[in-house]
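Overview (structure and organization)
Each chain, written out:
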Amino acid sequence: MSILKIAKLGHPILHSKAEVIKNLPDLEIEKLINDMSETMLDANGIGLAAPQVHVNKQVMIFRVPKEADETEKVDVTKDDNIEITALINPKIKNISDDTANDWEGCLSIPNMSGLVKRFTKIEYEGLDTNGNTIKKYAEGLHARVVQHEYDHLMGILYINRLADIRAFGFTNEIENYWKKNNEKK
Ligand code: NI
């Protein structure tokens, strides 16, 4: 496995729609997922999409604690034992119109944070590396990460979905000013 270079904000691949993968299993895709996993863990991320490593294909990975209530207790960026899910050619749909605002970061926009509006309950579907269908319900952080990574495959970044244009900036400033006074406004 190898650690891949991460595309940063300004690179055009982050704004282009990724291509659907036609034939599975594919050894190159398996290698890509292994390398993406190593890259994500190295960078302390909880999700990564192939365009972020300069590959314009519909592959995304993420890791979230199994139980929704563990989200509050576990620092997901520090726990390397959380299982990684890989999803190919994903589709998502919201099951209710309920939304929530919460802070997000992105490995392609380092040291910055933004308050982002997302659907709270979704269903997603995609393929695993063998071409088998994965279909799941997700809520909370799980639903948020899946929507964030799916957006990458559509060429959309979280800064396009800010709940408030002022709730975006360098993480240390956000911690000092925004989070104290305007928590999840
Ligand atoms: Ni991201």
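In the block above lies the structure referred to throughout.
What comes next is a walk through the structure.

Definitions and limits used
- Residues numbered from 1 in each chain as written.
- Predicted model: local features only at pLDDT ≥ 70, side-chain atom pairs only at ≥ 80, totals over all residues.
- Heavy atoms only, no water.
- Pairing = 2+ DSSP bridges.
- Helix = DSSP H or I, 4+ residues; strand = E, 2+ residues; numbered from the N terminus.
- Axes fitted to C-alpha atoms, helices over the stretch in contact; angles between N-to-C directions.
- Contact = heavy atoms within 4.5 Å.
- Buried < 20%, exposed > 50% of the residue type's maximum accessible area, 1.4 Å probe, protein only.

**Examining the pairing of strand β5 (residues 109-119)**
Along a regular strand, successive side chains alternate from one face of the sheet to the other. Bridge count for strand β4 (residues 99-106) against β5 is 7 bridges, and the pairing is antiparallel. The residue of β5 that forms the bridge with D102 is V116. The hairpin turn running from β4 into β5, its antiparallel successor, is 2 residues long. Relative to strand β8 (residues 168-170), β5 is paired through 3 bridges, and the arrangement is antiparallel. Bridge pairing in β8 places S113 opposite G169.

**Comments concerning the sheet that holds strand β3 (residues 85-94)**
Two pairing modes exist for strands in a sheet, parallel and antiparallel, and in both the strands are linked by backbone hydrogen bonds. Strand order in the open sheet formed by 5 strands is β1-β2-β3-β6-β7, with antiparallel pairing between adjacent strands. One side of each edge strand has no neighbouring strand; the edge strands of this open sheet are β1 (47-49) and β7 (133-139). Strand-to-strand twist across the sheet, computed as the mean angle between neighbouring axes with direction ignored, equals 40 degrees. Pairing of strand β2 (residues 59-62) with β3, which is carried by 4 bridges, proceeds in the antiparallel orientation. Residue pairing across strands places V59 opposite I88, the latter belonging to β3. Where helix α2 (residues 140-153) meets the sheet, it contacts β1, β2, β3, β6 (121-127) and β7, and its direction lies at approximately 155 degrees from that of β2.

**Points about the pairing of β2**
The two faces of β2 match: V59 and I61 on one face and M60 and F62 on the other face are all buried. Relative to β2, β1 runs antiparallel, the two sharing 3 bridges. When the bridges of β2 are listed, A49 appears paired with M60.

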